[in-house]
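Observations on the three-dimensional arrangement
Single-letter residue listing:
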Amino acid sequence: MQRFRPIETLVPPKAATYGEPIRRVAAMARAGMPVPPGFALGREHTDALFVAAGLPALVKILDLPDHEELSARAQALRAAWLSRALDTTTQDALKGIQGRLEGIGARAITLSVVLVCDRVDRDRQLGSMRVGIDTPAGLIQSAHEGMAALFEPELLAELQARGVRDAGVALLIQRMVDGLVSGVVFTRHPVTGDAREWIVRSGYGLAGKVLRGEVESDVLRVTRDGFIRDLVIAKKNTRFIAQSDGSQALGDVPDGLRERAALSEALLPEVLRLASRVERHLGAPVTLEWALQDGRVHLLAAALLPADRKLGRERISERRDRALWSHQELGEALPDVLYPLTWSLLRRFSRVGLAGALQAGGAVFASDENDLIVDVRGRLYMNLSSITDAVCRLPGVTPHALKALGIEIGDRCEVESGSVLSLAASALRLVDTQVRFVRRLPWVAARVGRERAHFAGLDTRLLSPEAVERVLCDVETWLRDAGLSLMRCYGLWVTALVALRAVFVRYHGAEALRLERDLLWGPDEVLPSGSAMAMVALARSLSRDSRVVAWAEAEENAPDFVREALLDLALKHRYEGLSWLDAASPRFHEVIEQLLGVLRALLSDPMALALASDRAALVHGRRERAEREWKRRVPIALWPVTGILIARLRSLTKQREELLVDAARAVTVLREITLDASRRLAIREPDLGKESAFLLELSELHAMLARGQWGVRARVVQRQIELGIASRLPPAPQRFLGRPRDPVVTDSLTGACGSGGAAEGRVVRIVDGSELATLPRGAVLVVRACDVGLAPILPAVRAVIAECGGMLSHGVMLASALGVPVVVGVTEALSRFRDGERVRVDGDHACIERLGPGVP
């Protein structure tokens, strides 16, 4: 009887006793793919070995009701199996396999143990693969110990809980591909589910460790035809290597390879072609492990990505998609704290709300509507490229106006220049669309108000999963009303802004952006400025108390009434910048510590309080001056339309802020529901963590609560890995192309214009927010992104320098409303500046001048 069979001779439909992982390898080997040659041992043979050793059938063990008795029997079976050596026939067969693989050039081999159940969906590999085995004795020992994995108490308890009543093991022995470079390919974005975008990770050492994120790896985002959308080359210090006994050890990467791309551009197409073949063969998106040896790509393993259904042929067909979602084509970062829950919501809202608003304004789509909201390195952005393609044929829109948005036009779209009359006609069409939208807002506000009242005091922990799912449906209705209106408001706002910029760029040239900023972004329109002014008002009232002044000047604990006042401020302005859509349910304790540092900086620096008042007057004066200035060059025939556009943009900005608050409140309720779902999931899968349900999309969350589909472990684990990798990556390379005017000094760092004005101060780098607890007076913040969460902090600082962001960023608009100078798009600002360094920030010219080291 032939015990071990070559994998290419297995017929998958007839090889049920080998387990799904081995059948998949056999199918790809029979299809001629570069699978390392190997041999498999079926479950019927391992069962015979267990019977020969006097071990009882597993079905009798799994019927034991008592967990302690099950654990004791499992340990006894494991000890009994390991106390007996493998029979001579099996040992001879293993020695023969070792010789045959060495005869075709194998320097070492691998051994995998596969669980084979009476439920096919539970088949999987047991434990870590044994790699690098180079002696017959090592192979025999590894096979013997590997089969003992069936008798692990934790495994048997899990099988019993899953309803499995019979199980066994199969063995897979293959030639080891011991190349230096390995990695993994996802033929669908593992988080967003976009089948047109593939993720390729490449590193050094064993591919399984790269897959699980245990070592650093390069990350490539590519289209199906191999166009590289984004490339991050990580510093790869360590790798896992194989030991001769089959174990895996952590080693160092040679110095010359650490900062190089592991996978060359010449071999990338070969990796993608292999992934495409496997995807077509299996008929669904896959996770594919690969390795390079002798300049050839080898297929190590492939598994189906978790999905509710297989993609149709039209979804996995080749598509030429070269939209680049990075650099100048990224717009404002959107709330992503329930990611990918937020992704599934925004994708729907962008298609119905934002796309509908753009089309109502006369926009024409040249690309997929779903591309309006994109994911880059774990952050969600408005895709200015797709929005530009949509509005590029609006009458009167000029290339200069679009370029002023921070977008390089290039050859991607043609733009009609238009006449004065066409400008007026386009603007009037936008105004008509906005009027109809504004008429609907009271109805939306009333409905959202009723939904909000319905959830007051609701505790989801007291409800059954089915009842929580019904509550989730109600929250989804709330979000639908607020979210769709918000995205429609975004669309109207963008199209109206483009139309106004077309006028200002044509008649005011380089002054267009300053005019727009001074006219539109004021405290009355940008809602989070309320939390900033509340912080200033609180500081003024407390400055009259001698106890508070003494605390601000000394290093001691804050009085209790100060903490209570800050807690009240945090609760009142929770949705207006402070802890805005915080993912961690909200961390008020940490927020209060940060606000104490901000309050101390305000109280200990009288100039900061004075500047807060002066800045408010300055913003008001700039608006009055801009009101007079824009009419000097704009033709009188365009005055009425331009005036209407300005008024509409102010109104839309304020309405957008109010809708953001409603959406923030709805997302907070959704977050509480998701935390409760995570708690319920953690009871079944304790090792997934306390926030695992946040990694599900909305449809998956519904299915889990309503239909009891709790088997989401695979997709949650995969998304945890991807988000962990994304969190360690540097921010997306922002390179907004709105050109600043010539800097005042030649020896300076430059970025892009954010908020106007100039100021000097000492650098304080903000990495995780804890630095705000000891904020010094006269600080210039250096941050990764100027976000609305800085709203209560801005009055206490002189200026802000940001690595990311653009002229449409929400935080930049907020800073303009408060009169705080901001320069954005400063490459690697956090690493180029030192804490305490004195700088001068000029927001009008988008430059930063170094003034020397800080004064102690």
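Refer to the structure printed above.
A brief report on the enclosed structure follows.

So, on to the overall build of the protein chain. Per the secondary structure count, the protein chain includes 25 helices and 24 strands. Each of the 856 residues in the protein chain was classed as buried or not, and the buried ones make up 57%. Across the protein chain, every contact between residues at least 6 apart in sequence was considered, and the portion connecting residues at least 24 apart equals 71%. Carbon and sulfur atoms make up 52% of the accessible area of the protein chain, which amounts to about 34600 Å² in all.

Take the sheet that holds strand β1 (residues 4-6) next. Judged by pairing direction, the sheet is antiparallel, and its five strands sit side by side in the order β1-β2-β5-β3-β4 without closing on themselves. At either end of the open sheet lies a strand with only one pairing partner, and these are β1 and β4 (124-133). Strand-to-strand twist in this sheet, taken as the mean axis angle between neighbours without regard to direction, amounts to 20°. Packing of helix α1 (residues 20-30) onto the sheet brings it into contact with β2 (38-41), β3 (109-117), β4 and β5 (167-175), and relative to β5 it is tilted by some 35°.

Within strand β21 (residues 797-802), six of the six residues are buried, which leaves it mostly tucked inside the rest of the structure. Strand direction decides the pairing type here: strand β20 (residues 779-783) and β21, joined by five bridges, are parallel. Bridge pairing links Leu781 to Val800 in β21. Sheet analysis places β21 next to strand β22 (residues 822-824), joined by two bridges and oriented parallel. The residue of β22 that forms the bridge with Ile801 is Val823.

This model, assessed by the stated rule, comprises 36 salt bridges. Here Asp844 makes a salt bridge to Arg517, at a shortest N to O gap of 3.2 Å. Taken together, the positions of Asp844 in the loop between β23 (838-842) and β24 (847-852) and Arg517 in helix α15 (residues 512-520) put the pair 327 residues apart, joining distant regions of the chain. Looking at Asp844, the relative accessible area reads 24%, which means it is partly exposed. Residue class for Arg517 comes out buried when judged on its relative accessible area of 10%. Between Asp676 and Arg679 there is a salt bridge, with its nearest N and O atoms 2.7 Å apart. With Asp676 and Arg679 both in helix α21 (residues 639-684) and three residues apart, this pair spans about one turn of that helix.

To continue, consider helix α7 (residues 153-161). Where α7 is concerned, the buried positions are Pro153, Leu155, Leu156, Ala157, Leu159 and Gln160. Positive backbone phi, at 85°, marks Gly163, one or two positions downstream of α7.

A general tendency of soluble globular proteins is for nonpolar side chains to be buried together. Ranked by size, the top nonpolar core spans 89 residues in total, and within it Leu775 and Leu781 carry the most contacts. Listed in part, the 44 residues of the second largest apolar core include Leu58, Leu94, Leu111 and Val164.

Turning our attention to the sheet that holds β24. Taken in spatial order, the eight strands line up as β17-β24-β23-β19-β20-β21-β22-β18 in an open sheet, and their pairing is mixed. The open sheet has two edge strands, β17 (749-750) and β18 (752-755), and neither has a second partner. Sheet contacts for helix α24 (residues 810-818): β18 and β22; angle to β18, the most-contacted strand, approximately 55°.

Conventions we followed
Residues numbered from 1 in each chain as written. Predicted model: local features only at pLDDT ≥ 70, side-chain atom pairs only at ≥ 80, totals over all residues. Heavy atoms only, no water. Helix = DSSP H or I, 4+ residues; strand = E, 2+ residues; numbered from the N terminus. Buried < 20%, exposed > 50% of the residue type's maximum accessible area, 1.4 Å probe, protein only. Contact = heavy atoms within 4.5 Å. Areas by Shrake-Rupley, 256 points an atom, 1.4 Å probe, with all protein chains shown as cover. Pairing = 2+ DSSP bridges. Axes fitted to C-alpha atoms, helices over the stretch in contact; angles between N-to-C directions. Salt bridge = Lys/Arg side-chain N within 4 Å of Asp/Glu carboxyl O. Core = buried A, V, L, I, M, F, W, Y, C linked by side-chain atoms within 4.5 Å.

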